[in-house]
Structures are given as C-alpha cells and as structure tokens.
Amino acid sequence: VSTMSAKNSSEGEEKASGRRNDTLGEAEKGQVICVAYVIAALDLTLLFMQMGVTPYLAKSLGLDSVGFGYLQTIFGVLQLVGGYIFGRFADQFGARAALILSCASGSVFFLLMSLSSSIPILFLSRLPGVFMHGMPGAQKVVTDVTAPSQRAVALGKLGFCFGVGIIGGSSMGGVLSTKFGVYVPAYVGLVGSLINTLIAMVWIPAQTKPKSDHHMTEHSDLFSIGEILRLMKFPGVMEVFLVKVFAGLPIGLFMIMFSIISMDFFGLEAVESGYLMSYFGVLQMVFQGLVVGKLTSHCTEMTLLRLTVLVFAGVGLGMALMRTVWHYCIVTVPLVFAFSTLGTITDSILTKAVPSSDTGAMLGICASVQPLTRTVGPTIGGVLYKQFGVSSFGYLQLMVNVGLFVYLLKSKIPLEEMKSK
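Conventions used here
Residues numbered from 1 in each chain as written. Predicted model: local features only at pLDDT ≥ 70, side-chain atom pairs only at ≥ 80, totals over all residues. Heavy atoms only, no water. UniProt positions renumbered as here; feature names shortened; annotations may be inferred. Helix = DSSP H or I, 4+ residues; strand = E, 2+ residues; numbered from the N terminus. Buried < 20%, exposed > 50% of the residue type's maximum accessible area, 1.4 Å probe, protein only. Contact = heavy atoms within 4.5 Å. Areas by Shrake-Rupley, 256 points an atom, 1.4 Å probe, with all protein chains shown as cover. Axes fitted to C-alpha atoms, helices over the stretch in contact; angles between N-to-C directions. Parallel < 35°, antiparallel > 145°, perpendicular 65-115°, else oblique. Left-handed = near helix turned anticlockwise from the far one by under 90°. Nonpolar A, V, L, I, M, F, W, Y, C, P; charged D, E, K, R; others polar. Core = buried A, V, L, I, M, F, W, Y, C linked by side-chain atoms within 4.5 Å. Domains from an automatic or database assignment. Patch = residues over 30% accessible without salt bridge, like charges linked within 9 Å, V, L, I, M, F, W, Y side chains within 5 Å. Salt bridge = Lys/Arg side-chain N within 4 Å of Asp/Glu carboxyl O. pLDDT = per-residue confidence, 0-100. Arc of directions from axis to C-beta. Phe/Tyr/Trp six-rings, centres within 6.5 Å; stacked < 30°, edge-to-face > 60°. Lys NZ or Arg CZ within 6 Å of the ring centre and 35° of its normal.

Taking an unreviewed UniProt entry as the reference, the chain is identified by name as Organic cation transporter-like protein 2 belonging to Dicaeum eximium. For the chain, the Subcellular location (unreviewed entry) comment in UniProt is given as "Apical cell membrane".

This is how it looks when you write it as structure tokens:
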C-alpha cells in the first residue's frame, strides 16, 4: 500500500511539475522573446556606438596607439573573465536578474565615459565591462522559454539584432560625435542603458525557466574551473566548443586588424570603412533573419556545422587570393553566412548538451570566445600582417578549417545524449 501511495504521489508531483512548466503561455513566451530581442538590439547598438567613438575620445585625451591597445586588451580580458561568471549568475539568480545586472553595468560604463576627462578615468570606465553581457543575457532568456527543437531558430534571430547594432551603432556614433561632440554618445549610451534596465525590470518575468528546472547548481561558486571542466565532460561539448573556437579564429584575427588593413591594403578612408561595416551588418541581418532559421528546419545541426566549416575553408581560399576591396565584398557574403550559422548552431547544440540548470554557464563560456580573440588578436594578428601580409589570414583559415572538416567527417560526436532528464 505504501509503495502504491508513493507511486501515486510521485505521479501527482510529475503532473504538477508539468503544469508548472507551462506557467508562461505561448503568447507570453513570444512576448518575452520579443522583449529580449529589443534589449539585445539596443544593447548592441550602444556597444558599437562606443566602439566607434572610443578611439577619438582616447586621442583627444592624449592616449597613443600603444596605450589604446592596452585599453582594448583590458576590456577584452574583463569580458573574457566576466562571461562565465555572468552565465553562472544567470543560472543561480535568473535571466532577468542577469539582464538587469548587464544593463546597470552598461549605465555605469557610459557614466564613467562621460566623465573621462583624463586617461585614468577612461581606463576606469572599462571595469564595468566585466558584467556587460547583454547578448548572452538575451540568449539565456530565449533558451529558457523555447523548446530544444525551436531553439536554433530563436537564437538565430538574435543575430538580426547584431546586424541592427552594427548599422545603427556605427552610424549613430559617427554622427553624434561629429555634430555634437565626442562625449555626446556617452550621454546617449547612459540614457539608453537606463531604459534597457527598466525594460528588463518591467517586461522580463522573474522566472523565465520552468520551475521544475529552477534550482541551484551543485556548486554555487560564481567562478569555478571545476565547473567549467564538468560542463566540458558532457557528451559532445568539448568537441563542438573547440570547433566553435578554431573555425572562426583566423577570420577573427583579420577583423581585429581590419581598421589597419582597410587603410594600408585597401586604401580606404574612414567613411568608406564605415560603409563596409554597414554592408557587413546588412548581410548579418539577412542571413540571421531569413536564412539560418530555414536551414535549421531542413538540415540537422551536425550537417549545418560541417557545411559551415566547409564554407569557412572556401572563404579562407578567397581571402588568400583577394587583391581589391571589391574582392573582399564578394568574399564577405559566404563569410557572414558562415559566421552567422556557426554561432547559432554551436550555441544551440551546446545549450542542449548540458542540463537546463547550466545553460547560462554554457552561454557564458560561448560568449568568452570573442573576448578571447580580442585579447590575443592584436598581438597575433599584428605579427601575421607584418610578417606575411593579408593573404596569411586566408591561408591560415583554409588550413584550419580543412582540418576541422576532416575531423567532423570522421568523428562520431555523441549529440544524441543531450539534456539530463
């Protein structure tokens, strides 16, 4: 009898848990996802706006190119370290708390920038960057409220926000700083970040994750090497993460050096470089908004991952052979496709490969890839460009991705064993 009652009790709990999983209706989930997109788009717009203005602000304060390199490296290191901590914070305190933390940190960041009348204050303004992770925060919201089968499409549409950020932020920063002064973008950024904070507080639910999944992880430390290693031991995680890191690394080095390459190799003025960035942003919006989602409904994620690596190899060959800016415009089309697909597919695979209580930490680890590239990129990219020229980035991209493609064809990554029950 006791066994029967225990069984009935267990079944009752499971049914109750099932009802709690649906605390957000489909319409509410759609609304929350739209709000996450708005927050991500505004956050990225403000981020790209300050990226375009910071060199001029630094120059006006008397900071030379070496000092500016240090400034960028510090920001990259802070983002690198903070990505995982932010993800763990999101797992333990919820996606809304994490987004509020990110937006509030952005407010402090822009406030300090607006007060940067000296080089030390400008360096101090980078410190809030450790918690500025608007995109991973939005990804966490989307991951929490979508089913695994819908995740790649929903995450892919976040890349549309990235395109909006590139186009809107780059143009806004240039116009505002030219017409109204170099500090005005910082004031606009401060107001925008405060608005983003309010949006997150009002429109994002306190619990975006199903209640049955909403529990503390076994280790509550916000930063733990052991926790990172634990996540990497889940089936397929290490393999997919390494593909994510290395597939786009050579192109990432090229993009970091792009401002110098555009001047020295292509002979472009600052305005023309801005047009190229806008072109990049438009392509990003097209691929993320229209192409990636459709592909995920027709192909498996592993097939798309192999296709992406193969396209990256072709991009490398094209970059090795390019000689003019028009060649680069042609190569950029498959380049943006590969970048968009790689980010979306790997994030989707990796968040489904770990328990739902660890998706924030996994997204934080994924978000650390770009800061890592920004940290080591200026040094490695500078050596490659100075010693071997622009074509070296293309040849490196070709060799790395041919090797990855062969590896993906031969290896049997166990992607079936996903999600702890």
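After that view of the structure, there is still more to cover.
Enquirer: Summarise the overall build of the chain; cite the residues concerned and give the values.
Expert: Across its full length, the chain carries 18 helices and zero strands. Put simply, the chain has 421 residues, and 52% of those count as buried. Sequence separation of 24 or more characterises 86% of the internal contacts of the chain that already satisfy a separation of 6 or more. Carbon and sulfur atoms make up 68% of the accessible area of the chain, which amounts to about 18,900 Å² in all.

Enquirer: Pulling in residues and values, what's your account of the packing of helix α14 (residues 301–321) against helix α18 (residues 391–410)?
Expert: In contact at an axis separation of 7 Å, α14 and α18 are set at 155° when each is read in the N-to-C sense. Taken together, α14 and α18 sit at an angle that is classed as roughly antiparallel. By crossing handedness, the relation of α14 to α18 is classed as left-handed. The segment α14 lies against α18, with M302, L305, R306, V309, L310, F312, A313, G316, L317, M319 and A320 engaging S391, G394, Y395, Q397, L398, N401, V402, L404, F405, L408 and L409. Here the contact of α14 with α18 is composed, by residue class, of 16 nonpolar, five polar and one charged.

Enquirer: Give a detailed account of the environment of A353, specifying residues and quantitative values.
Expert: Tracing the sequence through the fold places A353 in helix α15 (residues 325–353). When its relative accessible area of 2% is taken as the criterion, A353 is described as buried. Distance from A353 to P235, taken between C-alpha atoms, is 7.0 Å for residues 118 residues apart in sequence.

Enquirer: Tell me about the environment of G318, and name the residues and values.
Expert: Secondary-structure assignment places G318 in helix α14. Overall, the relative accessible area of 22% leaves G318 in the partly exposed class. In sequence terms G318 and L398 are 80 residues apart; their C-alpha atoms lie 9.1 Å from each other.

Enquirer: I'd like to hear about the nonpolar core, residue by residue, with values.
Expert: In summary, soluble globular proteins display a tendency toward joint burial of nonpolar side chains. Membership of the largest hydrophobic core comes to 83 residues, with the highest contact counts inside it found for L158 and F254. A per-element tally of this core places α15 first, with 13 residues. Each of domain 1 (25–208) and domain 2 (224–415) contributes no fewer than three residues to this core. Judged by nonpolar contacts, the second largest core, of 18 residues, contains M49, L57, L71 and M132.

Enquirer: Account for a nonpolar patch on the surface, with residues named and values stated.
Expert: On the surface, L198, M201, V202 and W203 cluster together into a nonpolar patch covering about 440 Å² of accessible area. Here W203 shows up in helix α8 (residues 184–203). You can call W203 partly exposed: its relative accessible area is 48%.

Enquirer: Describe the packing of helix α4 (residues 95–114) against α8, naming the residues involved and giving the relevant values.
Expert: In the contact formed by α4 and α8, the axes pass within 8 Å of each other and the chain directions differ by 165°. When the axes of α4 and α8 are compared, the pair comes out roughly antiparallel. Where α4 crosses over α8, the two elements pack in a sense that is left-handed. Only P185, A186, Y187, G189, L190, S193, L194, N196, T197, A200 and M201 of α8 make contact with α4, whose side of the interface consists of R96, L99, I100, C103, A104, G106, S107, F110, L111, M113 and S114. Along the lines of polarity and charge, the residues of the contact of α4 with α8 split into 14 nonpolar, seven polar and one charged.

Enquirer: Tell me about the pattern of salt bridges, and name the residues and values.
Expert: Taken as a whole and judged by the stated rule, the model has five salt bridges. Between D347 and K244 there is a salt bridge, and its shortest N-O distance comes to 3.0 Å. Taken as a pair, D347 in helix α15 and K244 in helix α10 (residues 237–247) lie far apart in primary sequence, 103 residues in all. Neither residue differs from the other here; D347 and K244 are each classed as buried.

Enquirer: Explain the confidence of the model for the chain to me, using residue names and the numbers behind them.
Expert: For the chain, the mean per-residue pLDDT works out to 82, and 88% of the residues sit at or above 70. When the criterion is pLDDT under 50, residues 1–22 qualifies, and its contacts beyond four places in sequence or with other chains add up to five contacts. Across residues 416–421, confidence stays below pLDDT 50; counting only partners more than four residues off in sequence or on other chains, it has 13 contacts.

Enquirer: I'd love a proper account of helix α9 (residues 225–232), names of residues and values included.
Expert: An α-helix turns once every 3.6 residues. As a result, residues three or four positions apart point the same way. Along α9, the positions that sit buried rather than exposed are E227, I228, L231 and M232. Buried residues of α9, viewed axially, fall in a sector of 140°; they line one side.

Enquirer: Give a description of the packing of aromatic side chains that names residues and reports values.
Expert: Counted according to the given criterion, the structure contains ten aromatic pairs. Both rings, one in F75 and one in F109, keep their centres 6.0 Å apart while their planes meet at 45°; by these two values the pair is tilted. One end of the pair, F75, is in helix α3 (residues 65–93); the other, F109, is in helix α4, with 34 residues separating them in the sequence. This pair shows no difference in class: F75 is buried, exactly as F109 is. Aromatic pair F254 and F393: ring centres 5.8 Å apart, planes at 75°, arrangement edge-to-face. Taken together, the residues span a long stretch of sequence, with F254 in helix α11 (residues 249–256) and F393 in helix α18 at a distance of 139 residues. Each member of the pair, F254 as well as F393, carries the same accessibility label: buried. An aromatic cluster is built from F254, F265, F266, Y328 and F393, whose rings are joined through pairwise contacts. Over the face of the ring belonging to F75 we find R126, whose NZ or CZ atom lies 5.8 Å from the ring centre.

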